[in-house]
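Spelled out from the first residue to the last, the chains are:
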Amino acid sequence: MQKDIDIESPNKIYADVRRIVHDIIEKLEGESEDSQLQNARKESRVFLNEIHGQISEALESLEEYAEWDTFTIAFYGETNAGKSTIIEALRVALKEQSKQEEHRKFTEWQTRTGITEELIDSVRQSILNAKQQLIELEEKFHIEQDRYQSKKQPLENQLIEIERAIRAKKKDASFWRKLLWFCHPMEEQRTFRKLVRKLRSNKSDEERHKKEYHLEKTKLTKDLDKGESLHCMLERQIKDTAPKADGTIIGDGSPDFTRETRNYRFDSGSHPFAILDVPGIEGNESEVVAEVWAAVKKSHAVFYVTSKPSVPEPGTLEKIKNHLGSQTEVWTIFNKPINNPMQLETGNLVSQSELASLNVLGEEMKKQLGESYQGRIELSAYPAFLSVSECLLPGSIDQKNKRKFLKKNTTDELGKKTHFEPFAMRLGSSMVADYREKIETSNKKKVKGVLERTLRQIIDLRTVKFSPLVETLEEELRTTQNAIDSTTLHLHNCLKKKGRSLVDEFKQKTRKAVYKQIDHDICNDMFKSILRDNISNNQAFLEDALTLTMSKELEHFEEILSKIVQRFQEKTEDLFDVYEGFSNGKFELNIQLESGIDVKGVLLSLIGGALLIWSPAGWLVLVPGVLSIVVQLYKAFRSVLSSSYKKSQQKKATDENLSKISRSLSDNLQDSLNKVLPVIDSKMKELKSALGQSCQDVRDIEKMLVSSERELNTLNISLE
């Protein structure tokens, strides 16, 4: 098989393997002189085509996404684990080409607009100041308003009291007293006028204060509007240039922030490589699953990124195994979440408890991925990204956090404390060395993965589902065939027994009727007539009874046999359930195995044939002759017989005739059974053979499964 793979042109491996698989399938589907084996091949053709279709589709998909020139690394893992953060830090640190171009454009924008963090802070501070001044102005205004109200209310109360006192005095005063008060106001009137003047003065001060408040509020509101307008303009400009800033690809915490795989190319001297930023395998995966599969098919090494030092959930583990099972190089990156510089001051990036959990995670990954799993890397991506970033958006949280981290650490110190610096150096050198050999090994293993998955499916179908079902089916076949034999034997015995019983019944019924007439002292001629008539009449009843009995017994036999075969057929239908229940993605088995047994037709032909052979109408043709001989013998002595003697001789003649007739009937019954029963036995043999054929077809298909396993395994080994 090895010679069939073009090792000089490894990128042709997909076409080569498809061709070889096609040859294997054609050989298994080939014509055979054995009609039974050919029937099994016909029934299994759908299954073989499913195998061929699955392998071809998988290889075409691998060929579509395959990368043979650039070593490609996928950053794969859970949603919000920090994949994009690590990649962004690498883009800056390793001077990825598109990132360098983004930096150039960002610098040009900042030079042109003059938008800096200081400007943003200044504008934001002016807005805060204006808002604070408005708050203080509002508070001061309300305090003054309360003060004016506190003065106004007592004055108004005093005015009311004095006014009431003046009215009371005027009510009781004489005309001359009132005239005197007009020229010389009373004390209460002078006090009232002073209070009115104070109240008016207080109101005037209040109005003036309101006017000053509104003027100041208008000024501050204009300043606030101006500041907010400027801030909005700056925000728009910052938003426009955001794609050029560092950190744009980093998620904001929302599910599925990365929805499409992004490709970044790096030039590390003579070792160019690419990094794929893969959508998260959790979150709303239905919308990104195609992107995830395309990325893992394209990549030659994979970093599984997680922010949790623990074994993933079973569902996530299953995805990892399915996605990465055919990879040659898989690493775990534990990205420890750190947002506070104090977390880096402990001396160890990872705690002892986290290390213990990571060891368990490594063991599980090794269990799932085998030799492909290379180990783990520990780092903290976010502070590492902040340490290497050069073009952060002015006024952004990232820029503020960078200042916070750099207060206690230099850039180099952050690179070391976060373990990012050695990781970036390793990625740009030793991990991408011998990249051409790694590319070929990785792509070949993916092809082997397709064959191995198919082999596992075939083996699982055969060993877990198919072989046990074949064994059960054969046991059921033996049980069914034994039941058919037992039922047939019962029919044999029943027909013989009931036939003899009917003959005995004929004999007794006829004797009883004739004896009854003899007891009336009939003459010999009348005796002869009565005997002949009773034999003839009861013969007709016997013929009908035998035919009816045969029909009923055969119908009962048919009913029992139908149930036996139906039970067997219901068992065989379990085979269809197994096929229908055995599916894996696009691989579905839909083989139709039919026994070809028309049970109703077999039984109807059996009954019809048996009844044609079974014909008791000719069994009594000798009865009149036998009767005449006995009667003639009696006539020679009739003249010398007394009445009692005559009766005894008539009864004796009756018994002798009925005995001879019964023996004749029994012989004819046995002769008919000897003709009918072999016909029934022959039909049962055909039925058992037909039932056995369906089992044989299943056994032959099982052999083909074994052949396909052997051929595909040979092909798989040739790819080593």
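You'll find the structure just up there.
Residues numbered from 1 in each chain as written. Predicted model: local features only at pLDDT ≥ 70, side-chain atom pairs only at ≥ 80, totals over all residues. Heavy atoms only, no water.

Regarding the overall build of the chain
Part 1 of the reasoning: The number of helices and strands found in the chain is 19 helices and 8 strands.
Part 2 of the reasoning: When burial is assessed residue by residue, the chain has 45% of its 720 residues classed as buried.
Part 3 of the reasoning: Of the contacts made within the chain by residues no fewer than 6 positions apart, 83% connect residues no fewer than 24 positions apart.
Part 4 of the reasoning: Carbon and sulfur atoms form 51% of the exposed surface of the chain, whose accessible area is close to 37800 Å². (Helix = DSSP H or I, 4+ residues; strand = E, 2+ residues; numbered from the N terminus. Buried < 20%, exposed > 50% of the residue type's maximum accessible area, 1.4 Å probe, protein only. Contact = heavy atoms within 4.5 Å. Areas by Shrake-Rupley, 256 points an atom, 1.4 Å probe, with all protein chains shown as cover.)

Some words on the pattern of salt bridges
Part 1 of the reasoning: Scanning the model with the defined rule gives 36 salt bridges in all.
Part 2 of the reasoning: The shortest N-O distance in the salt bridge between Arg 478 and Glu 475 comes to 2.5 Å. With Arg 478 and Glu 475 both in helix 15 (residues 435–518), this residue pair falls 3 residues apart, about one helical turn.
Part 3 of the reasoning: For Arg 567, the salt bridge is made with Glu 476, and the minimal N-O distance between the two is 2.3 Å. Remark: Glu 476 occurs in helix 15 and Arg 567 occurs in helix 16 (residues 524–581); sequence separation between them is 91 residues.
Part 4 of the reasoning: The exposure class of Arg 567 is partly exposed, given its relative accessible area of 42%.
Part 5 of the reasoning: Salt bridges linked by common partners bring Glu 88, Arg 91, Glu 96, Lys 99, Glu 102 and Asp 246 together as one network. (Salt bridge = Lys/Arg side-chain N within 4 Å of Asp/Glu carboxyl O.)

Some thoughts on a positive patch on the surface
Part 1 of the reasoning: A cluster of basic side chains, namely Lys 170, Arg 193, Lys 194, Arg 197 and Lys 198, defines a positive patch on the protein surface.
Part 2 of the reasoning: Tracing the chain through its elements places Lys 170 in helix 5 (residues 117–172). (Patch = residues over 30% accessible without salt bridge, like charges linked within 9 Å, V, L, I, M, F, W, Y side chains within 5 Å. Lys, Arg positive; Asp, Glu negative; His and termini not counted. Charge placed at Lys NZ, Arg CZ, Asp CG, Glu CD.)

Focus: the packing of aromatic side chains
Part 1 of the reasoning: Enumeration over the complete set of coordinates arrives at 7 aromatic pairs.
Part 2 of the reasoning: Consider the rings of Phe 303 and Phe 423, whose centres lie 5.6 Å apart with planes at 75 degrees: the pair is edge-to-face. On the criterion of sequence distance, the pair formed by Phe 303 in strand 4 (residues 301–306) and Phe 423 in helix 14 (residues 420–427) is long-range, its members being 120 residues apart. Here the two residues Phe 303 and Phe 423 agree in accessibility, since each one is buried.
Part 3 of the reasoning: Three or more aromatic residues joined by ring pairs make a cluster, and in this case those are Phe 75, Phe 303 and Phe 423.
Part 4 of the reasoning: Geometry around Phe 541 places Lys 509 over its ring, the cationic atom sitting 4.6 Å from the centre.
Part 5 of the reasoning: Taking NZ or CZ as reference, Lys 651 lies 5.1 Å from the ring centre of Tyr 515, over its face. (Phe/Tyr/Trp six-rings, centres within 6.5 Å; stacked < 30°, edge-to-face > 60°. Lys NZ or Arg CZ within 6 Å of the ring centre and 35° of its normal.)

Section: the sheet that holds strand 1 (residues 71–77)
Part 1 of the reasoning: Spatially, the 6 strands line up as an open sheet ordered 2-3-1-4-5-6, and their pairing is mixed. The open sheet has two edge strands, strand 2 (262–268) and strand 6 (373–379), and neither has a second partner. On average, each strand axis in the sheet is inclined to that of its neighbour by 25 degrees, with strand direction left out of account.
Part 2 of the reasoning: Bridge count between strand 4 and strand 5 (residues 330–335): 5 bridges; the pairing is parallel. Each bridged residue has a counterpart across the sheet, and for Thr 306 the counterpart in strand 5 is Phe 334.
Part 3 of the reasoning: Against the sheet, helix 10 (residues 352–369) touches strand 4, strand 5 and strand 6, its axis set at about 150 degrees to strand 6. (Pairing = 2+ DSSP bridges. Axes fitted to C-alpha atoms, helices over the stretch in contact; angles between N-to-C directions.)

A look at the environment of Cys 695
Part 1 of the reasoning: Mapped onto the elements, Cys 695 comes out in helix 19 (residues 643–718).
Part 2 of the reasoning: On the basis of relative accessible area, Cys 695 is assigned to the buried category, the value being 1%.

Digging into the pairing of strand 5
Each regular strand shows side chains that alternate between the opposite faces of the sheet.
Part 1 of the reasoning: Summarising burial for strand 5: 6 of the 6 residues are buried, a large majority.
Part 2 of the reasoning: Here strand 5 shows no split at all, with Val 330, Thr 332 and Phe 334 on one side and Trp 331, Ile 333 and Asn 335 on the other all buried.
Part 3 of the reasoning: For the segment spanning strand 4, helix 9 (residues 314–324) and strand 5, crossover handedness is right-handed.
Part 4 of the reasoning: Sheet topology places strand 5 next to strand 6; 6 bridges connect them, and they run parallel. Residue pairing for strand 6: Val 330 is matched across the bridge by Tyr 373. (Right-handed = clockwise from strand over helix to strand, strands pointing away.)

Concerning the packing of helix 5 against helix 7 (residues 187–241)
Angle between the axes and distance between the axes are the two parameters that describe a pair of packed helices.
Part 1 of the reasoning: Packing of helix 5 against helix 7 brings their axes to within 8 Å, and their N-to-C directions diverge by 165 degrees. By the criterion of interaxial angle, the relationship of helix 5 to helix 7 is roughly antiparallel. The hand of the helix 5/helix 7 crossing is left-handed.
Part 2 of the reasoning: Of the residues that constitute the contact of helix 5 with helix 7, the class distribution is 23 nonpolar, 11 polar and 20 charged. (Parallel < 35°, antiparallel > 145°, perpendicular 65-115°, else oblique. Left-handed = near helix turned anticlockwise from the far one by under 90°. Nonpolar A, V, L, I, M, F, W, Y, C, P; charged D, E, K, R; others polar.)

So, the nonpolar core
Part 1 of the reasoning: Within the largest apolar cluster, 83 residues are counted, with the highest numbers of intra-cluster contacts made by Phe 75, Phe 303 and Phe 423.
Part 2 of the reasoning: Among the elements that line this core, the one with the most residues is helix 15, at 8 residues.
Part 3 of the reasoning: Among the nonpolar cores identified, the runner-up in size contains 23 residues, and Leu 477, Met 550, Leu 561 and Leu 691 belong to it. (Core = buried A, V, L, I, M, F, W, Y, C linked by side-chain atoms within 4.5 Å.)

Remarks on the packing of helix 9 against helix 10
Part 1 of the reasoning: At a closest axis distance of 10 Å, the pairing of helix 9 and helix 10 adopts a crossing angle of 45 degrees. In terms of axis orientation, helix 9 runs oblique to helix 10. With respect to the hand of their crossing, helix 9 and helix 10 are arranged in right-handed fashion. Contacts between helix 9 and helix 10 involve Leu 317, Ile 320, Lys 321 and Leu 324 from the former and Glu 364, Met 365, Gln 368 and Leu 369 from the latter.
Part 2 of the reasoning: For the contact of helix 9 with helix 10, the class distribution of residues is 5 nonpolar, 1 polar and 2 charged.

Quick notes on the pairing of strand 3 (residues 271–277)
Part 1 of the reasoning: Of all 7 residues in strand 3, 5 are buried, a share of seventy percent or more.
Part 2 of the reasoning: Bridge analysis of strand 1 against strand 3 gives 5 bridges, and the strand direction is parallel. Looking at the pairing, Thr 72 lines up with Ala 274 of strand 3.
Part 3 of the reasoning: Both strand 2 and strand 3 contribute to a ladder of 7 bridges, which runs antiparallel. Across the sheet, Phe 266 pairs through a bridge with Phe 273, a residue of strand 3.
Part 4 of the reasoning: The turn linking strand 2 back onto strand 3 is made up of 2 residues, and Gly 269 within it adopts a positive phi angle of 65 degrees.

Quick word on unusual backbone geometry
Part 1 of the reasoning: Positive phi, normally seen in glycine, also occurs at His 419, with a value near 65 degrees.
Part 2 of the reasoning: Locating His 419 in the fold gives a position in the loop between helix 13 (411–417) and helix 14.
Part 3 of the reasoning: Here His 419 falls in the partly exposed class, since its relative accessible area comes to 29%.
Part 4 of the reasoning: Backbone geometry places Asp 521, a non-glycine residue, at a positive phi of 60 degrees.

What about a nonpolar patch on the surface?
Part 1 of the reasoning: Together, Phe 175, Trp 176 and Leu 179 line one region of the surface with nonpolar side chains, adding up to about 400 Å² of accessible area.
Part 2 of the reasoning: Mapped onto the fold, Phe 175 is located in helix 6 (residues 175–183).
Part 3 of the reasoning: Among the residues examined, Phe 175 registers a relative accessible area of 58% and is labelled exposed.

Details of the environment of Val 503
Part 1 of the reasoning: As for its position among the elements, Val 503 is in helix 15.
Part 2 of the reasoning: For Val 503, a relative accessible area of 1% corresponds to the buried category.
Part 3 of the reasoning: Non-local contacts of Val 503, meaning those with residues more than four positions away in its chain, are made with Leu 542, Ser 662, Leu 665 and Ser 666.

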